[in-house]
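Notes for the structure review
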Amino acid sequence: MNKTHLLLFVSLFFGWSVFSQTLKSPEEYLGTPIGTKFHFHHQLISYVEYVAANKPENVKIHRIGYTTEGRPQMVVAIGSKENIQNLERIRQSNLQNIGLMPGQGNKNIPTIAYLSYNVHGNESVNAETSVKVIYELAAENSELVKKVLKNTIILIDPCVNPDGFDRYSQWYNRYLGQKPDLHAASVEHHEPWPGGRFNHYLFDLNRDVAWQTQKESQQRVSFYNSWMPHLHADFHEMGPNSTYYFPPSAKPFHEDLTGFQREFQETLGQYNKRAFDQNGWLYFTKENYDLFYPSYGDTYPSYNGAIAMTFEQGGGGPAGLAYKRKDGDTLTLKDRIQHSFSTSLGTLEALSDKSEKTKEEFYKFFNDAQNKGYGKYKSYIMKFNGHEAKIKALTEQLDKLHIEYSFANKKLTANGLSYQNQKEESFGIDENDLLVNTYQAKGVLTKILFEPKPYLEDSNTYDITAWALPYAFDLPTFASSQKLSGTKTKPNFDKKTNLEKNQRVFAFVSEIKSFEESRFLAQLFKENIKIRIQETPFKASGKSFGHGTLLITRKGNEGLGENFEKKILSIAQNYDINLLPLTSGMVESGPDLGSGSVDVINPPKVGLIIGAGVSPTAAGDIWHFMDQQLQYPVTLIDGSYFSRIDLWTLDVLILPDGQYNQIVKDHKEILRWVSDGGRVILLEDANNFLAGKEGIELKPKTDSEEKESSNKIYGSRERDAISDQIPGAIYKINLDNSHPLAYGYDKNTSIIVKNKLGYEYLKNGWNVGTLGEHQSGFVGQNLKKSLKNVPVFAIQEHGNGKIIHMLESPIFRAFWFGGKLMMANAVFLVR
Ligand SMILES: [Zn+2]
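Rules and cut-offs
Residues numbered from 1 in each chain as written. Predicted model: local features only at pLDDT ≥ 70, side-chain atom pairs only at ≥ 80, totals over all residues. Heavy atoms only, no water. Phe/Tyr/Trp six-rings, centres within 6.5 Å; stacked < 30°, edge-to-face > 60°. Helix = DSSP H or I, 4+ residues; strand = E, 2+ residues; numbered from the N terminus. Buried < 20%, exposed > 50% of the residue type's maximum accessible area, 1.4 Å probe, protein only. Lys NZ or Arg CZ within 6 Å of the ring centre and 35° of its normal. Domains from an automatic or database assignment. Core = buried A, V, L, I, M, F, W, Y, C linked by side-chain atoms within 4.5 Å. Contact = heavy atoms within 4.5 Å. Pairing = 2+ DSSP bridges. Axes fitted to C-alpha atoms, helices over the stretch in contact; angles between N-to-C directions. Donors = N, O, S within 2.8 Å, 3.2 Å for Na, K, Ca; no water. Tetrahedral: all angles 85-135°; square planar, octahedral: opposite > 155°, others 65-115°. 1 Å grid on protein atoms, 1.4 Å probe; cavity = no way out; pocket = protein on both sides within 12 Å on 5 of 7 lines; lining within 4 Å. Points joined across faces, edges and corners; volume = space filled by probe spheres on them. Nonpolar A, V, L, I, M, F, W, Y, C, P; charged D, E, K, R; others polar. Parallel < 35°, antiparallel > 145°, perpendicular 65-115°, else oblique.

Examining the packing of aromatic side chains
- What the rule picks out here adds up to 48 aromatic pairs.
- Judged by centre distance (5.1 Å) and plane angle (80°), the rings of F38 and Y172 are edge-to-face. Here F38 is found in the loop between α3 (26–30) and α4 (41–54), whereas its partner Y172 is found in helix α9 (residues 162–175), with 134 residues between them in sequence. Each of the two residues, F38 as well as Y172, counts as buried.
- Aromatic pair W211 and F815: ring centres 3.9 Å apart, planes at 0°, arrangement stacked. You can see W211 sitting in the loop between α9 and α10 (215–227) and its partner F815 sitting in the loop between β33 (801–806) and α24 (820–828), a full 604 residues away along the chain. Each member of the pair, W211 as well as F815, is classed as buried.
- Each residue in the set W211, F292, Y293, Y296, W467, F812, F815 and W816 is aromatic and connected to the rest through ring pairs, giving one cluster.
- Note that K483 overlies the ring of Y439, its terminal NZ or CZ placed 4.5 Å from the centroid.
- Geometry around F545 places K543 over its ring, the cationic atom sitting 5.2 Å from the centre.

Laid out in structure tokens, this is it:
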């Protein structure tokens, strides 16, 4: 029998069993040649489930939750038979080795790689590539794969943003004919608003990794923290005229990246360039993609000890299945898949070859912080009294980050840097003050998220340059070089209002102090409870109340009958609201409860403009804020038909950052509605189309800017442009907290400034928030002068209504907790 006959015999004899053991490739399973179609998410997931069912000894699916729109999120673990059998023990050992789980771990475990594809939904090459990578690894198709599987567990998230991914596929497939159309004008290269990049609520999930404000990020990062991988690769796409980007990354690097992490950036370059050089594929390194802002898919893992990186294929939304590039080449989905597949395997090989050193450095990263603390400041102290709700919110954020904290259990005096005064001073620590020190496994991450002024080695960065949590949560904070810790027992956040038996309450009184009162108010509105507000300070039952106090009187709520007390208290308890019960309408000082200075506040009907011209993420910030955080109804109105709606059916209209010249056909219509009692809230650039118009108080600053020198150097034009930029810095805002917009605030707060501002103070209006001193982050040299004496939050009264100018968003990316109360005040209390 010659060889051919033997083969034929063997395959006939064992035919059935051979076929049943052969894993189908994605093309065979899905029935389409690779790169000829954008699949739907459920198709790709179906293939992943097929692989796991047919290769259970090598592949295990972890189901981590569902997206807002109900699509499954999963991470697949792939490894050798032995490693998959020991998967749970490997996971636990890894956490034990770095002090994030009690017990002694086995040091001799495989390295753990985590590959994340398609965090931006319309960068679709990535999910298409992920199933090919899963197949390649599960089928053990090559010697390289066998080598990698021996000493590596590979975790693969095939699609981080399923809702965005399907939004793109669903749109693109609608317009595809027999062949993709290369013509630049073809609709298939022009994705409509909002595009598939974002998740359901139009958040950029690659800016949300540390903050985890979105369901998808919460589930994903929770899974990440349960594994703590040694390497994380984040797969993206950039514009279709770019080539391919892989590490080493661009500067700035965050100063806290370790020598080994920096060195590994070079290693990744060496491994990944091989396939590109062999095939003649163009690429670049060391440009554009830096490692600084801590909430990306590369930096967050880096600050959690991992080797982490971004990959970018040229393509994305406009590329479709085929795209005519400016350089004349045609870029196809098939090419894009080849490149991303190649860097996936190149990266796994690099890790596999350096696995021992990687583990050693990884353990050291965590153990050093635990033993020695990390950073110049070893402890951060946040004041508790009067800030309970904000402290509670911050501890919830720290829990998501697995950062440990404690509460002071005795009074102390210490020295340290005051975040608010920006200087070293002596300060008192009181019982229950929140203490976070860097003597912990997550000490480096703690330092990076709390440090008052991150060191920026190069200002050429494309995201915010300051983020310190004490500013974001608007908490009086000190940083100290001492190691401070207290008790792990949480102070009692649940406030109960105690009534005497059968006590008949005349009115409940609630001081506005935090966003919890806004949420309480929203719930009262939804339950049709009549609410009043006292603008003038008063004193009752021995307690003093400042500007803006909520009154819930029995009068007006007769419908509740004898249930009045029980109903109001049960709602208050859900929001940890401390209500003061009064049995009389007469107060000790200030106006009585029936005074003319007390107003009824009614639940507003709120509209939000979305659609072409509006920044999707800015619209998403407000939508998520209203719907998920405040939990109050908001009507989304597309700009395309805005001019045809009846404005008089709304009380509040919100215009997020965007260009409104095409949306608002007649701004005088808005003014007529405002004059009749409407309230319009304009955020960031939404102010531009109204500013300076007749009847509008907001006017651009006129003071002549210094003339720039005409001797500019062509070769340094990119660097020079930085002088005119403010990618995002923290400023103090001085507040008039007697105005309803700033009820509940102290005399100042902090926000992220990323606009040039540049408007005059309102002459006839209320400059409620004005720009104070710079606190943290990069500001271009040329802007430093113009960012002075400008309003940030200002209100013009017009007839019976209000024009509310918010020249910066107080609720940036949903993690800026300190601004949420102001946004809620704008919607509910500025009337
Ligand atoms: Zn991306």
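Some points on the domain arrangement of the protein
- Its domain assignment divides the protein into domain 1 (24–369), domain 2 (373–480), domain 3 (507–601) and domain 4 (606–699 + 720–828).
- Its C-alpha centre places domain 1 at a distance of 52 Å from the equivalent point of domain 3.

What to know about the nonpolar core
- Counting residues in hydrophobic clusters, the biggest one holds 180 residues, and the most contacted among them are I681 and M806.
- Counting residues per element, this core draws most heavily on α24, which supplies 7 residues.
- Beyond its immediate stretch of four places on either side in the chain, M806 contacts I681, L682, L683, E684, N687, L741, V792, F793, M822, M823 and A826.
- Ranked by size, the runner-up nonpolar core spans 49 residues in total, among them L44, Y47, Y117 and A350.

Quick look at the sheet that holds strand β5 (residues 231–238)
- Reading across the sheet, the 7 strands line up as β1-β2-β4-β3-β5-β9-β6 and stay open at both edges, with mixed pairing between neighbours. Both edges of this open sheet fall to β1 (59–66) and β6 (244–245), since each of them pairs with a single strand only.
- Across 7 bridges, β1 lies against strand β2 (residues 72–78) in antiparallel orientation. Following the sheet pairing, R63 is matched in β2 by M74.
- The strands that helix α13 (residues 333–353) touches are β3 (111–117), β4 (152–157), β5, β6 and β9 (307–314); relative to β9, the one it contacts most, it runs at about 165°.

Here we look at the coordination of the zinc ion
- Taken together, the protein donors to the zinc ion comprise H120 (ND1), E123 (OE), E123 (OE) and H236 (ND1), at separations of 2.0 to 2.5 Å.
- For the zinc ion, the 4 donor atoms in the first shell make angles of 56 to 157° at the metal, so the coordination geometry reads as irregular.
- In primary-sequence terms, the residues that donate to the zinc ion follow H-x2-E-x112-H. Exposure class is identical for H120 and E123. Each is buried.

Looking at the layout of surface pockets
- Quantified by volume, the largest pocket comes out at close to 1100 Å³.
- Along the walls of the largest pocket sit 47 residues, with A393, F515, E516, R519 and F817 positioned nearest its centre.
- Elements represented by at least two residues in the lining of the largest pocket include exactly α10, α15 (388–401), β18 (507–511), α18 (515–526), β21 (543–545) and α20 (616–630).
- In terms of residue class, the lining of the largest pocket is built from 16 nonpolar, 15 polar and 16 charged.

What about the packing of α18 against α20?
- It is the contact of α18 with α20, at a shortest axis distance of 10 Å, that shows an interaxial angle of 80°. Judged by the inter-axis angle, α18 sits roughly perpendicular to α20. In contact with F515, S518, R519 and A522 of α18, α20 contributes F625, Q629 and L630.
- Residue composition of the contact of α18 with α20, grouped by class: 4 nonpolar, 2 polar and 1 charged.

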